[in-house]
Amino acid sequence: MFGLGGNLYKASDKRIKKNIHRVGTVFAKPHPVEEPDKLPVYEYQYKGDPSGRTHTGPMAQDVEKIDRGAVRNIGGVKHINVPRVMGGILRAA
């Protein structure tokens, strides 16, 4: 549930998360867009995770607004392409 394909895609759908709190934003620039967009960043926990570990990152629904190609629906759950999203963040820096 938390990853697929050697961490290439990671489950990031807001519907599988709980205790979601926005903690900031980062700039993201999908290629070949000229001006970067702001991508919200959240702290959250995964529903059904007995450890209750807190994670930090984006929601797939927000990523999809900036770069539709970085999101994949796998088994009804939105996953983000982590290298593609991180590359967009680095290009905007």
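Before any of the text, the structure's been laid out above.
In this text, all values refer to a predicted model and were calculated from it rather than measured experimentally.

With that settled, the discussion passes to unusual backbone geometry. Backbone geometry follows two general trends: most residues other than glycine have a negative phi, and most peptide bonds adopt the trans configuration. One non-glycine residue with positive phi stands out, namely asparagine 19, at about 50°. By the element assignment, asparagine 19 lies in strand 2 (residues 17-28). Judged by relative accessible area, which is 46%, asparagine 19 ranks as partly exposed.

Before going further, it helps to spend a moment on the pairing of strand 6 (residues 77-81). Across the five residues of strand 6, four count as buried, placing the element largely inside the fold. Pairing analysis gives four bridges linking strand 5 (residues 71-74) to strand 6, with the strands arranged antiparallel. Note that in strand 6 the partner of arginine 72 across the bridge is histidine 79. Linking two consecutive strands that pair antiparallel, namely strand 5 and strand 6, is a turn of two residues; a positive phi of about 60° is found at glycine 75 within it.

Turning to the nonpolar core, a few remarks are in order. Among soluble globular proteins, nonpolar side chains are generally buried collectively. Within the largest apolar cluster, nine residues are counted, these being Ala28, Leu39, Ala60, Val63, Ile66, Ala70, Val71, Ile80 and Val85. Top element by residues in this core is helix 1 (residues 60-66). It accounts for three residues. Judged by nonpolar contacts, the second largest core, of six residues, contains Ala11, Tyr42, Tyr44 and Met59.

This next bit is on the environment of lysine 10. Residue placement: lysine 10 occurs in strand 1 (residues 9-11). Along the chain, lysine 10 and histidine 79 lie 69 residues apart, while their C-alpha atoms are 5.1 Å from each other.

About the thresholds
- Residues numbered from 1 in each chain as written.
- Predicted model: local features only at pLDDT ≥ 70, side-chain atom pairs only at ≥ 80, totals over all residues.
- Heavy atoms only, no water.
- Helix = DSSP H or I, 4+ residues; strand = E, 2+ residues; numbered from the N terminus.
- Buried < 20%, exposed > 50% of the residue type's maximum accessible area, 1.4 Å probe, protein only.
- Pairing = 2+ DSSP bridges.
- Core = buried A, V, L, I, M, F, W, Y, C linked by side-chain atoms within 4.5 Å.

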